[in-house]
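Single-letter residue listing:
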Amino acid sequence: MRIDVVTIFPGYLAPLREALLGRAIEAGLVELGVHDLRDWTHDVHQAVDDSPYGGGPGMVMRPQVWGEALDAVLGEEPARLVVPTPAGRPFTQATAQAWAAEERLVFACGRYEGIDQRVVDAYADRGPVDEVSIGDYVLVGGEVAVLVMVEAVVRLLPGVLGNPVSAQEDSFSDGLLEGPAYTRPVSWRGLDVPDVLRSGNHAAIARWRRDRALERTAARRPDLLDALPPDALDRADRAF
Ligand SMILES: Nc1cc(-c2ccc3ccn(Cc4ccccn4)c3c2)[nH]n1
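This one's a predicted model, so the numbers in the text were calculated from it and none came from an experiment. (Residues numbered from 1 in each chain as written. Predicted model: local features only at pLDDT ≥ 70, side-chain atom pairs only at ≥ 80, totals over all residues. Heavy atoms only, no water.)

A.B. asks: Break down the site of the ligand for me, with residues and values.
C.D. replies: Taken together, the neighbourhood of the ligand is formed by 17 residues, with Ser133, Ile134, Gly135, Tyr137 and Leu139 sitting nearest. Between a nitrogen atom of the ligand and a main-chain N or O atom of Tyr137, the distance comes to 2.7 Å. At 2.9 Å from a nitrogen atom of the ligand is found a main-chain nitrogen or oxygen belonging to Leu139. In the complex, the protein chains occlude 87% of the 480 Å² of accessible area that the ligand would expose alone. At 3 residues, strand 5 (residues 80–90) tops the list of elements feeding residues into the shell around the ligand. (Near = heavy atom within 4 Å. Polar contact = N/O pair within 3.5 Å; in protein donor to acceptor, adjacent residues only side chain to side chain. Areas by Shrake-Rupley, 256 points an atom, 1.4 Å probe, with all protein chains shown as cover. Helix = DSSP H or I, 4+ residues; strand = E, 2+ residues; numbered from the N terminus.)

A.B. asks: Please provide a residue-by-residue account of the sheet that holds strand 7 (residues 129–133), values included.
C.D. replies: Here 5 strands make up an open sheet; going across it, the order is 2-1-6-5-7 and the pairing parallel. Each edge of the open sheet carries a strand with a single partner, namely strand 2 (31–36) and strand 7. Within this sheet the neighbouring strands show an average axis-to-axis angle of 30°, counted without direction. The pairing of strand 1 (residues 2–7) with strand 6 (residues 104–108) spans 5 bridges and is parallel. The residue of strand 6 that forms the bridge with Asp4 is Val106. (Pairing = 2+ DSSP bridges. Axes fitted to C-alpha atoms, helices over the stretch in contact; angles between N-to-C directions.)

A.B. asks: An account of a nonpolar patch on the surface is requested, with residue identities and associated values reported.
C.D. replies: A surface patch of nonpolar side chains, amounting to about 500 Å² of accessible area, comprises Phe9, Tyr12, Tyr137, Leu139, Val144 and Val148. Relative to the elements of secondary structure, Tyr137 occurs in the loop between strand 7 and helix 5 (143–154). (Patch = residues over 30% accessible without salt bridge, like charges linked within 9 Å, V, L, I, M, F, W, Y side chains within 5 Å. Salt bridge = Lys/Arg side-chain N within 4 Å of Asp/Glu carboxyl O.)

A.B. asks: Can you break down the packing of aromatic side chains residue by residue, with the values?
C.D. replies: One pass over the full model with this rule turns up 4 aromatic pairs. Ring plane angle 50° and centroid distance 6.5 Å describe the contact between Phe9 and Tyr12, whose orientation is recorded as tilted. In this structure Phe9 comes out as partly exposed when scored by relative accessible area, which is 36%. Measuring from ring centre to ring centre gives 5.4 Å for Phe91 and Trp99, while their planes differ by 50°; the resulting arrangement is tilted. Across this residue pair, the class does not change: Phe91 and Trp99 are buried. (Phe/Tyr/Trp six-rings, centres within 6.5 Å; stacked < 30°, edge-to-face > 60°. Buried < 20%, exposed > 50% of the residue type's maximum accessible area, 1.4 Å probe, protein only.)

A.B. asks: Quick one: what's the story with unusual backbone geometry, residue by residue and with numbers?
C.D. replies: Look at the link from Arg184 to Pro185: it is a cis peptide, with omega at 5°. Mapped onto the secondary structure, Pro185 falls in the loop between helix 6 (165–169) and strand 8 (187–188). We note that Gln46 has phi near 55°; this positive angle belongs to a residue other than glycine. Along the chain, Gln46 falls in the loop between strand 2 and strand 3 (49–50). Within the chain, Arg189 stands out as a residue other than glycine whose phi angle is a positive 50°. Within the secondary structure, Arg189 sits in the loop between strand 8 and strand 9 (191–192).

A.B. asks: Help me get a handle on the pattern of salt bridges, residues and values and all.
C.D. replies: In total, this model carries 14 salt bridges according to the counting rule given. Residue Arg118 pairs with Asp116 through a salt bridge whose shortest N-O separation is 2.7 Å. For Asp116, a relative accessible area of 15% corresponds to the buried category. One salt-bridge network, held together by shared partners, links Asp174, Arg207, Arg210, Asp211 and Asp237.

A.B. asks: Summarise the environment of Glu131; cite the residues concerned and give the values.
C.D. replies: Structurally, Glu131 is set in strand 7. It is 16 Å that separates the C-alpha atoms of Glu131 and Asp4, two residues lying 127 residues apart in sequence. Once residues lying within four places of it in the same chain are set aside, the contact partners of Glu131 are Val83, Thr85, Gly88, Arg89, Gln117 and Val120. Among the polar contacts made by the side chain of Glu131, one reaches the side chain of Gln117 at a distance of 3.5 Å. (Contact = heavy atoms within 4.5 Å.)

Such coordinate-based values are descriptive only and should not be taken to indicate function.
Written out as structure tokens, the structure is:
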């Protein structure tokens, strides 16, 4: 997979070259290109924004600069164009799973009050364009959202995670939140590891973990329970 990011703050994307993701890049599992939008300005001030038509607070990012940048970065290779925005469709684990199958992702990081809508409209004719939100809160720009989404996608690529099973078993993959996890010592500040986890009874451990996941999901995210397909819960689950 190749990932390109266009931004006026390239340094914001430096964390993508650290740790697990950095090792995935070094291993050639993913290619990353970070591009400074201002490289496509032609004025001395390198202006990327202007006042909004119709008035209102803040500034809007100019379509011309974005058009030149995305034409250059996209080139002729097909790619999914992703535009983070608070007004986007929710980015979920299902989105990450779908995007993990893509050959190329290009992220357009806006700032100010966002990017002139004609940029999304103009590229919608060339290929898939997703306007996505990572949550119901407003950030200052798209860069942090891109860090989140790139991490969620790249961890799913073959060879990236040391333990690939965890990508299938992590939260949301079975529609439930993950339950609690424990490691040594068996007792810490008077708090003990649940006995069942040390019992060696794998059926009992699996049941206990499922029960804790159901309990936590019901308490913290009842919406996820409501969204489960009818056959997702078996009789033992329903006892919960
Ligand atoms: N889940 C998300 C995504 C964002 C996001 C993504 C990109 C941009 C580009 C600019 N802003 C600031 C801004 C503020 C007010 C209205 C519009 N945009 C962004 C915010 N916030 N929360």
